[in-house]
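Architecture and fold: a report
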Amino acid sequence: MSENKEKKVSIGGQALIEGIMMQGPKGAAMSVRLPSGEIETEMLEVKKLKDKFKPAGWPLIRGIVNMVESLTFGFKCIEKSAEKAGLDDESIKEEDMSKLDKWLSDHFGPKMIAVISGIAMVLGFGLSFLLFVYLPTFLVDVVDKYLFKDALSNLHPLFEGILRMIIFVLYFYFVSLMPDIKRVFMYHGAEHKSIFCYEAGLELTVENVKKQSRFHPRCGTSFIFVVLIISIFISSVLVVLFPAIDDIRPLWIAIKLLIVPLTVALSYEFIKYAGCHDNVFVKILSFPGLMMQRISTKEPTDDIIEVGIASIKAVLPEYSDSQEVEASEQNTEENS
């Protein structure tokens, strides 16, 4: 590959358990560091709704569709990487299981796992609603009522949005202190560095990747902050146009939930725009997300960078095609 020739091919990925999923011109691939120390790379089948239903790829609509597809596909990749890394339920030794665990496993097996997963998902959504929707609204209401005598009603969306960002940052910070999560964040950093290295037109080596920044404007972390910023703007406009909705709190919370699809759609279009432009507007909206990546990404070690390189090479024609040619030539020599 030629040096210093910038690449404009759209590439994105996701950090997994001891691995990285990458999507590029050749599709999606997942590279995972196995317990044996080897790196296993697997091509993945990705089904896009827009391939069967063209409107799913239209502006505004594509943001919502992409988010749902990304969450679903990403969760499957995390499950698969956990299995490959040796963290699946079957790898748990029987002597390490409690009597209750053994009883549940013997009597319910996979059914109980599905039930527990469902309960965990419901609790997760409930916690997210409590922390990021209800709590900011409740706190702003209390402060405005007892300190400002309801004089700041028109500014509720602004203060709620700022409080929501603070809660989000604190949540991520405390989660990042967990050793297992910190290692996932190191893979997140390797993913960004590998993409930057390719986009800079440099050869994908450990040394070249190490020199790159771990803060990328197209990151999902940046996307979340863009969503929060745009939600503040939309909410503020609604309160100015319809002041009465802020007085009925259950109605106001319901409206904020209903405008989430619009917020996600607009945020996705901005992230797409930010990936191709570098102006003052983009820098201002991208800045909070880039700063947040100081928490959500960590500097990777060489062995983690190797996984990032393996995943990105698998989805690039110039690398995967050459590897296929080398393999073909090697088989020809062995058969001759």
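If you're wondering where the values come from, they're calculated on a predicted model, not measured in any experiment. (Residues numbered from 1 in each chain as written. Predicted model: local features only at pLDDT ≥ 70, side-chain atom pairs only at ≥ 80, totals over all residues. Heavy atoms only, no water.)

Some thoughts on the overall build of the protein chain
The criterion, for reference: Helix and strand definitions here come from DSSP, where helices need a minimum of 4 consecutive H or I residues and strands a minimum of 2 consecutive E residues; each element is numbered from the N-terminal end. The criterion used for residue contact is that any of the two residues' heavy atoms lie within 4.5 Å. Only the protein chains shown count as covering a residue, and every accessible area follows the Shrake-Rupley method with a 1.4 Å probe.
What the protein chain contains, in helices and strands, is 13 helices and four strands. Long-range contacts, defined here as pairs at least 24 residues apart, represent 69% of the contacts in the protein chain between residues at least 6 apart. Accessible surface, the protein chain as shown: approximately 19700 Å² in total, 65% of it carbon and sulfur.

Re the pattern of salt bridges
We count it as follows: By salt bridge we mean one thing: a side-chain nitrogen of Lys or Arg within 4 Å of a carboxyl oxygen of Asp or Glu. Buried, partly exposed and exposed residues are distinguished by accessible area as a fraction of the type maximum, computed with a 1.4 Å probe on protein chains only: under 20%, between the cut-offs, and over 50%, respectively.
This structure, assessed with the given rule, holds 12 salt bridges. Measuring nitrogen to oxygen at the nearest pair gives 3.4 Å for the salt bridge that ties Lys 80 to Glu 42. In this pair, Lys 80 sits in helix 2 (residues 61-84) while Glu 42 sits in strand 4 (residues 39-44), placing the two residues 38 residues apart along the sequence. Residue Lys 80 is classed as partly exposed on the basis of its relative accessible area, which comes to 32%.

Notes on the pairing of strand 2 (residues 19-24)
Note the threshold: In this description, strands pair whenever DSSP reports at least two bridges between them.
For strand 2, a buried count of five out of six residues is recorded, marking the element as mostly surrounded by other parts of the structure. Taken together, the five bridges between strand 1 (residues 12-16) and strand 2 define a ladder with antiparallel strand orientation. Of the residues in strand 2, the one forming a bridge with Gln 14 is Met 21. Where strand 1 hands over to strand 2, the hairpin turn is made up of two residues, of which Glu 18 adopts a positive phi near 55°. Hairpin connection, strand 2 to strand 3 (residues 27-33): the antiparallel pair is bridged by two residues.

A word on the packing of aromatic side chains
Short version of the rule: Paired rings are identified among Phe, Tyr and Trp, the last through its six-membered ring, by centres lying within 6.5 Å, and are further divided according to the angle between planes into stacked (under 30 degrees), edge-to-face (over 60) and tilted (the rest).
One pass over the structure, following the stated rule, counts nine aromatic pairs. Judged by centre distance (6.4 Å) and plane angle (75°), the rings of Tyr 171 and Phe 172 are edge-to-face. Look at Phe 172 and you get buried, because its relative accessible area is 17%. Seen from their ring centres, Tyr 173 and Phe 174 are 5.4 Å apart, and the 70° between their planes marks the pair as edge-to-face. Joined through ring pairs, the aromatic side chains of Phe 132, Phe 168, Tyr 171, Phe 172, Phe 185 and Phe 225 make up one cluster.

Points about the sheet that holds strand 2
Within a sheet, adjacent strands bond to each other through the backbone by hydrogen bonds, running parallel or antiparallel. Selection rule: Each axis is a line fitted through C-alpha atoms, taken for helices only over the stretch in contact, and angles between the N-to-C directions span 0 to 180 degrees.
Spatial strand order, 1-2-3-4: four strands in an open sheet with antiparallel pairing. Either end of the sheet is taken by a strand with one partner, and the two such strands are strand 1 and strand 4. Within the sheet, the average angular offset between the axes of one strand and its neighbour, ignoring direction, is 15°. Judged from the six bridges that link them, strand 3 and strand 4 form a sheet pairing that is antiparallel. In the sheet register, Ser 31 faces strand 4, and the bridge partner there is Thr 41. The strands that helix 2 touches are strand 1, strand 2, strand 3 and strand 4; relative to strand 3, the one it contacts most, it runs at about 30°. Sheet strands touched by helix 12 (residues 302-314): strand 2, strand 3 and strand 4. Its angle to strand 3, the strand with the most contacts, is close to 155°.

Thoughts on the layout of surface pockets
Rules: Every definition here rests on a 1 Å grid over the protein atoms only: cavities are sets of points where a 1.4 Å probe fits but cannot get out, pockets are open sets enclosed by protein on both sides within 12 Å along at least five of seven lines, and lining residues have some atom within 4 Å of a point. Grid points are joined across faces, edges and corners, and a volume is the space filled by probe spheres set on the points. We call Asp, Glu, Lys and Arg charged. Ala, Val, Leu, Ile, Met, Phe, Trp, Tyr, Cys and Pro are nonpolar, and the rest, Gly among them, are polar.
Taken as a whole, the second largest pocket holds about 330 Å³ of empty space. For the second largest pocket, the lining is made up of 14 residues, of which Glu 45, Val 46, Lys 47, Phe 73 and Lys 76 are closest to its centre. Sort the elements by how many residues they give to the lining of the second largest pocket and helix 2 lands first, with eight residues. Considering only residue class, the lining of the second largest pocket consists of five nonpolar, three polar and six charged.

Thoughts on the confidence of the model for the protein chain
Put simply, the test is: For every residue, the predictor assigns a confidence score, pLDDT, that lies between 0 and 100.
For the protein chain, mean pLDDT is 83; residues scoring 70 or higher make up 82% of the total. In the model of the protein chain, helix 13 (residues 317-335) stands out as the element of lowest mean pLDDT, 50, in contrast to helix 7 (residues 206-210), which has the highest, 97. Across residues 324-336, where pLDDT falls below 50, the model places one contact with residues more than four positions away in sequence or in other chains.

Describing unusual backbone geometry
Positive phi, close to 55°, is recorded for Glu 18, a residue that is not glycine. When you line up the elements, Glu 18 lands in the loop between strand 1 and strand 2. Positive phi, close to 75°, is recorded for Leu 60, a residue that is not glycine. In this fold, Leu 60 is placed in the loop between helix 1 (49-52) and helix 2.

Regarding the pairing of strand 3
Most of strand 3 is tucked away, with six of its seven residues classed as buried. The pairing of strand 2 with strand 3 spans six bridges and is classified as antiparallel. Among the inter-strand pairings, Gly 19 is bridged to a residue of strand 3, identified as Val 32. The turn linking strand 3 back onto strand 4 is made up of five residues, and Gly 37 within it adopts a positive phi angle of 100°.

Some details on the packing of helix 5 (residues 156-176) against helix 6 (residues 179-199)
Helix packing geometry: the angle between the two helix axes and the distance between the axes. Counted only if it meets this: Angles are sorted into four bins: roughly parallel if under 35 degrees, roughly antiparallel if over 145, roughly perpendicular if 65 to 115, and oblique for all others.
It is at 7 Å that the axes of helix 5 and helix 6 come closest, and there the two elements cross at 105°. Here helix 5 is positioned roughly perpendicular relative to helix 6, judged by the angle of their axes. Here Phe 172, Val 175 and Ser 176 of helix 5 lie close against helix 6, whose contacting residues are Ile 181, Lys 182 and Phe 185. Of the residues in the contact of helix 5 with helix 6, the class split is four nonpolar, one polar and one charged.

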